[in-house]
Each structure stands twice: as C-alpha cells, then as structure tokens.
Amino acid sequence: MSATATGLPFLKGHGTQNDFVIVPDPDGLLDLGPDVVARLCDRRAGIGGDGLLRVVRSAADPAAAGQADQAEWFMDYRNSDGSIAEMCGNGVRVFARYLVHAGLVEPGPIAVATRAGVRRAVIAEDGVDGTPGAVTVDMGRALLPGPDGIEVSVGDRSWPARNVNMGNPHAVAFVDDLAQAGELRTAPRTTPGSAYPEGVNVEFVVDRGPRHVAMRVHERGSGETLSCGTGACAVAVAAARRDGLDPAVTGEAVSYTVDLPGGSLVITEHPDGRVEMTGPAEIVAAGTIDPAWLGVLPLR
Ligand SMILES: N[C@@H](CCC[C@H](N)C(=O)O)C(=O)O
C-alpha cells in the first residue's frame, strides 16, 4: 500500500487511547512536512490523532541510519503539531500491531528502528475471542539527569518534579490529587528553563496502592492526551526511586501498574536497567485520504 494519484492510504490505531494516524510508506516516497502532519492530525478538519506514525523501511530513510541491519521497519513518529519526537511508547506498540495487521510480520519478537535507537518488542497472539494480544516493548534505560530543584507549575500552584529521560524528556511531579493540574489546556511551566531546552512532557502522578499509581500527562507537541507510554515508564522509574527501590542495587525487578485516563500499562524495570512496557494496541480503521483535500500528494 502506498500513495497513488487516487489518494494516500492511511489507518487509524490507538494504544490505551493514545491515537495515531498511520501512514504506510514502505519505500520512503512521502515527504510529510509539519503542515501536512498537523492537518492530518486535526480532529475536526482532518483524520484526527495525538500523533502520526509513518511506516517506512529503515533502509529507505536516512533518519534510521545504522539500524537497517537490526530492524527492517522504521517508526517515523510525529506529534500532532507536526513536530518530531525521539520516541513514542504507545506508538511503538501500535506500530508493531500495524505490521502484524498488514501481514508484514508474524506475532512474536520484532525489532523496530526509532529515532531513539532500536526497540525490541514481543507481540502476543490474539486471544480466542479475537482480542488483540498485548505488546511488550523493551524501552531501554531510563536516564535521571537532574538537576535537583526542578519545578512544574500550573496557574499559581507548583510541585517539585524529577527529570526522567526515556529517549524523550519528561518532568514527573507527584501531586495529592490529579484534578489539581486543572484543565491542562496549555503546557505547564517548568523551571529552571535550562532543564528542558527541547521542551518536555509533563506527568502528574498520584498513588493508588502498593506499586500502583495513576497519572495525567501534558505532551510536548500534542497537549493533554489520554495516555503516554514513555511517560508511564518515566513515572514508574520516578515512583520506584521515591519508594527507595532501585533494581540495579537490589538485583530484583520492580513492576508498577500505571493507570492513565485511557487504560493501564504495566512497567517493569530490570536489574540491568531495561524498562519494559506491556499494554494493548489496536487498529480501528483504514481508508484513503482524498488528494483534493490534501492539495497535492506529498511525494519526494
Ligand atoms: N505519546 C507518546 C509520546 C509522544 C512524544 C512526545 N509527545 C514528545 O514530544 O516527546 C508515548 O506514548 O510515549
């Protein structure tokens, strides 16, 4: 499936209600600029999505340089405002689900090239009732680069936050009540400004029970979304450190269930530092974008 004079094929998918426009471009023929991506992600005038996943062979995209020998497919992820991000956790599960849906891979282990490097996933078989199998992804190591003293503010309220990098940047703030963050129509402020020169995803977290938390997120480039996979990983690692748990020290893996408005993810940090995310991913629709609406097919 690729762009033709009669239109641009697309699919729609989501993982815990973080939703994506999926554009198959196996041979890397499309040039999707920020404006085109933002139009496609527009929920009223376009298809609608928190982001866009272009599916391209690693060998056909310079952004996947050096990864083609390990991962045939490259996830070219874009935020809904058209900006590029290094990584998307829900996106990589949906990307894997698309590859199975399209018959390009079988359920089981798969490697996906991303701007943050190769991510290895395992796609479970569908359930007997047809429920799509969960996808588990090795999200790599969390970095906790500091500095101390980061604060996140909404209106006149501020909270201390922890800087966690999952390939993309996160500020994780523990709050008393998720409603305290308000409507999140605009990005929370973070200080010092120097902590996040490329912008940041901000998570607000409350405890639900032992190794069980709930969160809301304001995503860089997409606004408040119903789920963020990298955000859930960042939250689980920040919660573990707050709880005095570090698998590298104890030698025991630590798992947290992270509830998001769109569903739940299970995040496990291993003694070697790998952070594993397990959650659902499904394809909900497929169609063709009218070239007249698009103006012109964005071919290279
Ligand atoms: N929703 C994603 C994260 C997408 C990228 C993020 N908005 C950024 O700019 O870093 C996820 O599931 O991880």
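What you see is a predicted model; the values in this text were computed from it and never measured. (Residues numbered from 1 in each chain as written. Predicted model: local features only at pLDDT ≥ 70, side-chain atom pairs only at ≥ 80, totals over all residues. Heavy atoms only, no water.)

Peer 1: What should I look at first to understand the site of the ligand in this one?
Peer 2: Inspection of the region around the ligand gives 15 residues, with Asn18, Gly89, Glu219, Gly229 and Thr230 positioned closest. Between the ligand and the protein, one listed contact pairs an oxygen atom with a side-chain N or O atom of asparagine 168 at 3.0 Å. A distance of 2.8 Å separates an oxygen atom of the ligand from a polar atom in the side chain of asparagine 201. Taken by itself the ligand offers 370 Å² of open surface, and the protein chains cover 100% of this. A molecule is said to occupy a pocket when more than half its atoms come within 2 Å of that pocket's grid points, and by this definition the ligand occupies the largest cavity. When the residues that make up the shell around the ligand are grouped by side-chain class, the tally is five nonpolar, eight polar and two charged. (Near = heavy atom within 4 Å. Polar contact = N/O pair within 3.5 Å; in protein donor to acceptor, adjacent residues only side chain to side chain. Areas by Shrake-Rupley, 256 points an atom, 1.4 Å probe, with all protein chains shown as cover. 1 Å grid on protein atoms, 1.4 Å probe; cavity = no way out; pocket = protein on both sides within 12 Å on 5 of 7 lines; lining within 4 Å. Sits in = over half its atoms within 2 Å of the grid points. Nonpolar A, V, L, I, M, F, W, Y, C, P; charged D, E, K, R; others polar.)

Peer 1: What exactly am I supposed to notice about helix α1 (residues 34-41) here?
Peer 2: Along an α-helix, residues three or four apart share an orientation, since each turn contains 3.6 residues. Buried within α1 are the following residues: Val36, Val37, Leu40 and Cys41. Considered in projection along α1, the buried side chains sweep an arc of 130° and stay on one side of the axis. Its buried side turned inward, α1 meets β2 (18-24), β3 (51-57), β4 (73-79), β18 (282-289) and α5 (291-294). (Buried < 20%, exposed > 50% of the residue type's maximum accessible area, 1.4 Å probe, protein only. Helix = DSSP H or I, 4+ residues; strand = E, 2+ residues; numbered from the N terminus. Arc of directions from axis to C-beta. Contact = heavy atoms within 4.5 Å.)

Peer 1: Sorry if this is basic, but what is going on with the nonpolar core here?
Peer 2: The nonpolar side chains of a soluble globular protein tend to be buried, and buried together. In terms of nonpolar packing, the biggest core is built from 54 residues, with Met75, Val258 and Ile267 touching the most fellow members. Both of domain 1 (8-134 + 282-294) and domain 2 (151-275) provide at least three residues apiece to this core. Residues within four places of isoleucine 267 in sequence aside, it is in contact with Ala232, Cys233, Ala236, Val254, Ser255, Tyr256, Val258, Val275, Glu276 and Met277. Core analysis: the second largest hydrophobic core is formed by 17 residues, Trp159, Val200, Val202 and Ala214 among them. (Core = buried A, V, L, I, M, F, W, Y, C linked by side-chain atoms within 4.5 Å. Domains from an automatic or database assignment.)

Peer 1: I tried to follow the pairing of strand β1 (residues 8-15) on my own but got confused; where do I start?
Peer 2: On a regular strand, one side chain projects to one face of the sheet and the next to the other, so that they alternate. Extensive coverage of β1 is indicated by the burial of eight of its eight residues. Residues Leu8, Phe10, Lys12 and His14 of β1 are buried on one face, and the alternating residues Pro9, Leu11, Gly13 and Gly15, pointing to the opposite face, are buried as well. Across seven bridges, the pairing between β1 and β18 is antiparallel. Bridged to phenylalanine 10 within β18 is glycine 287. Inspection of the sheet shows β1 paired to β2 by five bridges, in the antiparallel sense. Pairing of glycine 13 across the sheet is with phenylalanine 20, part of β2. Connecting the antiparallel pair β1 and β2 is a turn made up of two residues, with threonine 16 showing a positive phi of about 45°. (Pairing = 2+ DSSP bridges.)

Peer 1: Help me out: how do you make sense of the UniProt feature "binding site: substrate" (unreviewed entry) in the chain in this one?
Peer 2: Sequence positions flagged by UniProt for "binding site: substrate" (unreviewed entry) are, in local numbering, Asn18, Asn79, Gly89, Asn90, Asn168, Asn201, Glu219, Arg220, Gly229 and Thr230. Those annotated residues from the list above that line the largest cavity are Asn18, Asn79, Gly89, Asn90, Asn168, Asn201, Glu219, Arg220, Gly229 and Thr230. Among the residues examined, asparagine 18 registers a relative accessible area of 2% and is labelled buried. Every residue in contact with asparagine 18, bar those within four places of it in the chain, is listed here: Gly13, Asp50, Cys88, Asn90, Glu219, Thr225, Ser227 and Cys228. Mapped onto the fold, asparagine 90 is located in helix α2 (residues 89-101). (UniProt positions renumbered as here; feature names shortened; annotations may be inferred.)

Peer 1: Sorry, what's going on with the domain arrangement of the chain here?
Peer 2: The accessible area lost on association of the parts is a frequent measure of interface size. Here the chain is partitioned into domain 1 (8-134 + 282-294) and domain 2 (151-275). Computed from C-alpha atoms alone, the centre-to-centre distance between domain 1 and domain 2 is 24 Å. Counting residues at the interface gives 19 residues for domain 1 and 18 residues for domain 2. Counting the surface domain 1 buries against domain 2, the share from its top three residues, Thr16, Gln17 and Glu86, is 38%. Viewed at the interface, domain 2 and domain 1 are joined by one salt bridge. A salt bridge links arginine 220 to glutamate 86; the shortest N-O distance between them is 2.8 Å. Connecting domain 1 to domain 2 are eleven residue pairs in polar contact (both at pLDDT 80 or more). Mapped by element, the contributors of at least two residues to the side of domain 1 that touches domain 2 are β4 and α2. It is α2 that provides the largest number of residues to the side of domain 1 that touches domain 2, a total of three residues. For the side of domain 1 that touches domain 2, the per-class residue count stands at five nonpolar, nine polar and five charged. (Buried area = accessible area lost by both parts, 1.4 Å probe. Salt bridge = Lys/Arg side-chain N within 4 Å of Asp/Glu carboxyl O.)

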